[in-house]
Amino acid sequence: DKEAKGKRGGTLRVRIVSANGLKAADSDGLSDPYIKVIVGKRVQKTAVIKKTLNPEFDSELLFHFDDLSTLLKCGSVVFKAYDWDRYGLNDPIGKASLPLDSMQQALTYGDSVECAISLNDKQKTPGQVILSLDWRPDVNPQLFTHMTWYPDWEPPEKIEPLYVPPDVPPKP
């Protein structure tokens, strides 16, 4: 169908590496932080890291879209930091956003965008989130239409080295 032609779905991979200098929200001077990532109407979050202002998240969040232009129409990726509370509401401790149009070229060419974003958290020295983003196009299923699967195939026990002839000087 003509409308689907030229469109290629893919996944925005958002890797939340760590954060530092987060705002303290608990009585012990620490927080139990997690990061909520919002792309359009899609929301995902990292795990909660207990009792720290400098969490190591090492979290990968995946957002699938029909094509890159649909992702870019979302406008920005929003990052909201929260302090998790066992009872009651979780406390917001900072927010930041990255405009997608500023990353369009990198995303289009498959480059990873790595950055540290400062949170709007009303601290003299704002907390930061260290992250990377990249766009991974879906594999084109047409690439595999002429392949055959041999379930009983096993590699040979011994692989003979490839013979490479010595360099022969060109004839004059």
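This text goes with the structure placed above it.
Predicted model, so just to flag it, every value in this text is computed and none were measured.

Each value, and the rule that gives it
- Residue numbers run consecutively from 1 along every chain, following the written order of its sequence.
- Given that this is a predicted model, residues contribute local features only at a pLDDT of at least 70 and side-chain atom pairs are listed and counted only at 80 or more, while totals for whole chains, interfaces and linings are drawn from all residues.
- Water and hydrogen atoms play no part in the side-chain values, which are based on all heavy atoms of the structure.
- The helix count covers DSSP runs of H or I at least four residues long, the strand count covers runs of E at least two residues long, and both are numbered beginning at the N terminus.
- Under the rule applied, a polar contact is a pair of N or O atoms within 3.5 Å (in protein, one hydrogen donor and one hydrogen acceptor; residues adjacent in sequence only if both atoms are side-chain atoms).
- Two residues qualify as a contact provided that any one of their heavy atoms is within 4.5 Å of a heavy atom in the partner residue.
- Being paired, for any two strands, means DSSP has found at least two bridges between them.
- Think of each axis as a best-fit line through the C-alpha atoms, taken over the contacting stretch in the case of a helix, with angles from 0 to 180 degrees between the N-to-C directions.
- Put simply, a salt bridge is a Lys or Arg side-chain nitrogen that is within 4 Å of an Asp or Glu carboxyl oxygen.
- Buried residues are those whose accessible area, probed at 1.4 Å on protein chains only, stays under 20% of the maximum for their type, while exposed residues exceed 50% and partly exposed ones sit between those limits.
- Pairing of aromatic side chains here covers Phe, Tyr and the six-membered ring of Trp, requires ring centres within 6.5 Å, and sorts the geometry by plane angle: under 30 degrees stacked, over 60 edge-to-face, intermediate tilted.
- Remark: a charge is flagged as sitting over a ring if the NZ atom of Lys or the CZ atom of Arg is within 6 Å of the ring centre and within 35 degrees of the ring normal.

**Some remarks on the side chain of Asp 67**
The topology assignment puts Asp 67 in the loop between β4 (56–65) and α1 (68–72). There is a polar contact of 2.6 Å between the side chain of Asp 67 and the side chain of Thr 70. Ignoring anything within four residues of it in the chain, the contact list for Asp 67 reads Lys 7, Arg 8, Gly 9 and Trp 135.

**Examining the environment of Ser 97**
Of note, Ser 97 is situated in strand β6 (residues 91–99). Considering only alpha carbons, one finds Ser 97 and Val 39, 58 residues apart in sequence, at a separation of 10.0 Å. Not counting residues up to four positions away in its chain, the partners in contact with Ser 97 are Ser 76, Val 77 and Val 78.

**What about the sheet that holds strand β7 (residues 113–118)?**
The strands making up a sheet associate through hydrogen bonds between their backbones, and the pairing can be parallel or antiparallel. Judged by pairing direction, the sheet is antiparallel, and its four strands sit side by side in the order β4-β1-β8-β7 without closing on themselves. For this open sheet the edge positions go to β4 and β7, each flanked by a neighbour on one side alone. The sheet shows a mean angle of 20° between the axes of neighbouring strands, taken without regard to direction.

**With respect to the pattern of salt bridges**
Here the structure, examined in full by the defined rule, presents five salt bridges. One salt bridge in this structure joins Arg 13 and Asp 134, with 2.4 Å as the shortest N-O distance. Here the residue Arg 13 occupies a position in strand β1 (residues 10–20), and Asp 134 occupies one in strand β8 (residues 128–137), the gap between them amounting to 121 residues. Considered together, Arg 13 and Asp 134 belong to a single accessibility category, that of buried residues. Between Asp 58 and Arg 15 there is a salt bridge, with its nearest N and O atoms 2.6 Å apart. Placement of the pair is Asp 58 in strand β4 and Arg 15 in strand β1, with a sequence separation of 43 residues. Asp 58 gets classed as exposed once you look at its relative accessible area, which sits at 53%. By sharing partners, the salt bridges in this structure join Arg 13, Glu 60, Asp 134 and Arg 136 into a single network.

**A closer look at the sheet that holds strand β5 (residues 76–83)**
Across the sheet, four strands lie side by side as β3-β2-β5-β6; this open sheet has antiparallel pairing. Looking at the sheet topology across the chains shown, the edges are occupied by β3 (42–45) and β6. Strand-to-strand, the axes of this sheet are offset by a mean angle of 20°, without reference to chain direction.

**A few points about unusual backbone geometry**
At Asp 58, a residue that is not glycine, the phi angle is positive and equals roughly 45°. A positive phi angle is found at Lys 122, which is not glycine, with a value near 60°. Within the secondary structure layout, Lys 122 lies in the loop between β7 and β8. Among the residues examined, Lys 122 registers a relative accessible area of 80% and is labelled exposed.

**Focus on the packing of aromatic side chains**
All told, the structure shown has one aromatic pair when counted by the stated rule. A centroid spacing of 5.5 Å and a plane angle of 15° characterise the contact between Tyr 34 and Tyr 82, whose relative ring orientation is stacked. Taken together, the positions of Tyr 34 in strand β2 (residues 33–39) and Tyr 82 in strand β5 put the pair 48 residues apart, joining distant regions of the chain. The exposure class of Tyr 82 is buried, given its relative accessible area of 15%. The aromatic ring of Phe 65 is capped on one face by Arg 42, whose charged end is 3.9 Å from the ring centroid. Its guanidinium or amino end placed over the ring of Tyr 34, Lys 45 lies 5.3 Å from that ring's centre, counting from NZ or CZ.

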